[in-house]
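Residue-level listing of the chains:
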Amino acid sequence: MSARSRGTELDLSWISKIQVNHPAVLRRAEQIQARRTVKKEWQAAWLLKAVTFIDLTTLSGDDTSSNIQRLCYKAKYPIREDLLKALNMHDKGITTAAVCVYPARVCDAVQALKAAGCSIPVASVATGFPAGQTHLKTRLEEIRLAVEDGATEIDVVINRSLVLTGQWEALYDEIRQFRKACGEAHLKTILATGELGSLTNVYKASMIAMMAGSDFIKTSTGKETVNATFPVAIVMLRAIRDFFWKTGNKIGFKPAGGIRSAKDSLAWLSLVKEELGDEWLKPELFRIGASTLLSDIERQVSNNLYPWNKLTSVFEKGIEKSN
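Predicted model only: the values in this text are computed from it and were never measured.

Conventions used here
- Residues numbered from 1 in each chain as written.
- Predicted model: local features only at pLDDT ≥ 70, side-chain atom pairs only at ≥ 80, totals over all residues.
- Heavy atoms only, no water.
- Core = buried A, V, L, I, M, F, W, Y, C linked by side-chain atoms within 4.5 Å.
- Buried < 20%, exposed > 50% of the residue type's maximum accessible area, 1.4 Å probe, protein only.
- Helix = DSSP H or I, 4+ residues; strand = E, 2+ residues; numbered from the N terminus.
- Contact = heavy atoms within 4.5 Å.
- Salt bridge = Lys/Arg side-chain N within 4 Å of Asp/Glu carboxyl O.
- Pairing = 2+ DSSP bridges.
- Axes fitted to C-alpha atoms, helices over the stretch in contact; angles between N-to-C directions.
- Parallel < 35°, antiparallel > 145°, perpendicular 65-115°, else oblique.
- Left-handed = near helix turned anticlockwise from the far one by under 90°.
- Phe/Tyr/Trp six-rings, centres within 6.5 Å; stacked < 30°, edge-to-face > 60°.
- Lys NZ or Arg CZ within 6 Å of the ring centre and 35° of its normal.
- UniProt positions renumbered as here; feature names shortened; annotations may be inferred.
- Polar contact = N/O pair within 3.5 Å; in protein donor to acceptor, adjacent residues only side chain to side chain.
- Nonpolar A, V, L, I, M, F, W, Y, C, P; charged D, E, K, R; others polar.

Student: How should the nonpolar core be read in this particular structure?
Tutor: Nonpolar side chains tend to gather and get buried jointly when the protein is soluble and globular. Core analysis: the largest hydrophobic core is formed by 99 residues, its most contacted members being Ile154, Met207, Phe253, Trp268, Phe286 and Ile297. Of the residues forming this core, the biggest block, 10 residues, is contributed by helix H11 (residues 230-247). Not counting residues within four places of it along the chain, the set of residues in contact with phenylalanine 286 comprises Phe53, Phe216, Phe253, Pro255, Trp268, Leu269, Val272, Trp280 and Leu281. Within the second largest apolar cluster, 7 residues are counted, among which are Leu59, Ala123, Val125 and Val157.

What follows is the structure, given as structure tokens:
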């Protein structure tokens, strides 16, 4: 992870001026979705890069220590060794960016990764995930306990009612308290955009979260009816860009919920590249929350075994030269 975000003072005058052009956002989203994806060795290289952005996630009621051990093993070895050797990519240290679990499973994840001799970060959801409707004192204690157990990244959920009723100062104050409770752990703030009512609210909530010191803003819990969508992502990415231009602080972006196919991952990488540039295409500033995406990426890589010398060159140069 990059250095912690310092946040800024609350600027309600900025928030009051915000109005999102809904039709323009939808047109931009349609352009992205209609665009052809990269092909041949470029596609294989992009897919391997996508693996390094994944927060490999399990957030199920039937999670056990065995589930977590399997998750951590997959995080360390996300692509079959024989495929990586065929591509001459076995020595590139390809792992997922993090594993993401419930607070009660943080210890299991930390122990499994330690046993595997792996330094992949452990992220924990918190603050009454997914609804965020528990008492503030309880939500703060949940953060502190997850950090004590070894989580180095905390994915918090906001109280959506504060957005829907325009209580921006209260939202800012809550997220500031979340940040303080995180200590040295990085704070990823889930906006649950499918429940915020409008794209204007999505932009305002994004801006408040960044002002309050979030290191990442995240689209969804994955439990809402509507999760990560391109219109919402465009609004959040433009908010990140505006915040960077105004403050010089780079804030990360994490789409989550419904991202299941290799084709989906390529579209998300392309969107971030176009909206924020190559600087954001690294795990410190871009993550993908997913539980089943890896299987399809591995399948597509298996179907695209290009000459290893070309693929290695593309991967090492990054994806900035690919279009």
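Student: How do you make sense of the pattern of salt bridges when you look at a structure like this?
Tutor: When charged atoms on two side chains of opposite charge get close, those side chains can pair. As enumerated under the stated definition, the model contains 22 salt bridges in all. The partner of aspartate 82 in a salt bridge is arginine 80, and the shortest N-O contact between them spans 2.9 Å. The class for aspartate 82 is partly exposed, based on a relative accessible area of 45%. Its relative accessible area of 39% is what places arginine 80 among the partly exposed residues.

Student: Help me understand the pairing of strand S5 (residues 186-190), please; the structure alone is not making it clear to me.
Tutor: For a regular strand, side-chain orientation follows a simple rule: the groups alternate between the two sheet faces. In terms of burial, S5 is a largely internal element, 5 of the 5 residues being buried. With burial as the criterion, each face of S5 is covered, one bearing His186, Lys188 and Ile190 and the other bearing Leu187 and Thr189. By the bridge criterion, 5 bridges tie strand S4 (residues 153-157) to S5 in an arrangement that is parallel. In the strand pairing of S5, aspartate 155 is matched with lysine 188.

Student: Looking at this structure, how should I read the sheet that holds strand S7 (residues 252-254)?
Tutor: The pairing of strands in a sheet happens through backbone hydrogen bonds and is either parallel or antiparallel. Across the sheet, which stays open at both edges, the 8 strands sit in the order S7-S6-S5-S4-S3-S2-S1-S8 with parallel pairing between neighbours. Each edge of the open sheet carries a strand with a single partner, namely S7 and strand S8 (288-290). Averaged over neighbouring strand pairs, the angle between their axes works out to 25° when direction is ignored. Examined bridge by bridge, strand S3 (residues 122-126) and S4 share 4 bridges and lie parallel to one another. In the sheet register, alanine 126 faces S4, and the bridge partner there is valine 156. In the packing of H11 onto the sheet, the strands contacted are strand S6 (216-218) and S7, and the crossing angle to S7 comes to about 170°. With respect to the sheet, helix H13 (residues 293-302) is in contact with strand S1 (54-57) and S8, its orientation differing from that of S1 by roughly 120°.

Student: Can you walk me through the packing of helix H7 (residues 136-148) against helix H9 (residues 168-182) in this structure?
Tutor: Helix-helix packing is described using two parameters, namely the angle between the two axes and the distance between the axes. The geometry of H7 relative to H9 is characterised by a closest axis approach of 8 Å and an angle of 25° between their N-to-C directions. If you check the angle between H7 and H9, you find them roughly parallel. Judged by the sense of rotation from one axis to the other, the crossing of H7 with H9 is right-handed. From H7, Leu136, Arg139, Leu140, Ile143, Arg144 and Val147 reach across to H9, where they touch Glu174, Gln177, Phe178, Ala181 and Cys182.

Student: Looking at this structure, how should I read the packing of aromatic side chains?
Tutor: By convention here, two paired aromatic rings are described through the distance between centres and the angle between planes. Per the counting criterion, the structure on display carries 6 aromatic pairs. Centre to centre, the rings of phenylalanine 253 and tryptophan 268 are 6.3 Å apart; their planes meet at 35°, and the pair counts as tilted. With phenylalanine 253 in strand S7 and tryptophan 268 in helix H12 (residues 262-276), this residue pair connects regions lying 15 residues apart in the sequence. Sitting above the plane of the tryptophan 14 ring, lysine 246 keeps its charged end 4.8 Å from the centroid.

Student: Sorry if this is basic, but what is going on with the UniProt feature "active site" (unreviewed entry) in the protein chain here?
Tutor: UniProt records the feature "active site" (unreviewed entry) at Lys218 and Lys254, using the numbering of this structure. Over a stretch of 37 residues, the named residues converge on one spot in the fold, their C-alpha atoms separated by at most 4.5 Å. Mapped onto the secondary structure, lysine 218 falls in strand S6. Sequence-distant contacts of lysine 218, defined by excluding residues within four places in its chain, comprise Asp155, Thr189, Ile190, Leu191, Ala192, Met236, Lys254 and Ala256. Along the polypeptide, lysine 254 turns up in strand S7. Beyond its immediate chain neighbours, meaning those up to four positions away, lysine 254 contacts Asp55, Asp155, Lys188, Phe216, Ile217, Lys218, Thr219, Arg287, Ile288 and Gly289. For lysine 254, the side chain forms a polar contact with the side chain of aspartate 55, separated by 2.8 Å.

Student: Looking at this structure, how should I read the side chain of arginine 28?
Tutor: Turning to its location among the elements, arginine 28 is positioned in helix H2 (residues 22-34). Separated by 3.0 Å, the side chains of arginine 28 and glutamate 274 make a polar contact. With residues near it in sequence (within four places) discarded, arginine 28 still touches Arg35, Ile234, Arg238, Glu274 and Glu275.

Student: Looking at this structure, I do not really get the environment of glycine 252. What am I missing?
Tutor: The residue glycine 252 is located in strand S7 in this model. A relative accessible area of 0% means that glycine 252 is categorised as buried. On a C-alpha basis, the gap between glycine 252 and leucine 269 in space is 13 Å, while along the polypeptide they are 17 residues apart.

Student: Please clarify how the packing of H2 against H11 should be interpreted in this entry.
Tutor: Interhelical geometry of H2 versus H11 gives an angle of 110° and a closest axis separation of 9 Å. By the angle between their directions, the pair H2 and H11 is classed as roughly perpendicular. In terms of crossing hand, the pair formed by H2 and H11 is right-handed. Between H2, through Val25, Leu26, Arg28, Ala29, Ile32 and Gln33, and H11, the contact on the second element is made entirely by Phe230, Pro231, Ile234, Val235 and Arg238. The residue inventory of the contact of H2 with H11, partitioned by class, reads 8 nonpolar, 1 polar and 2 charged.

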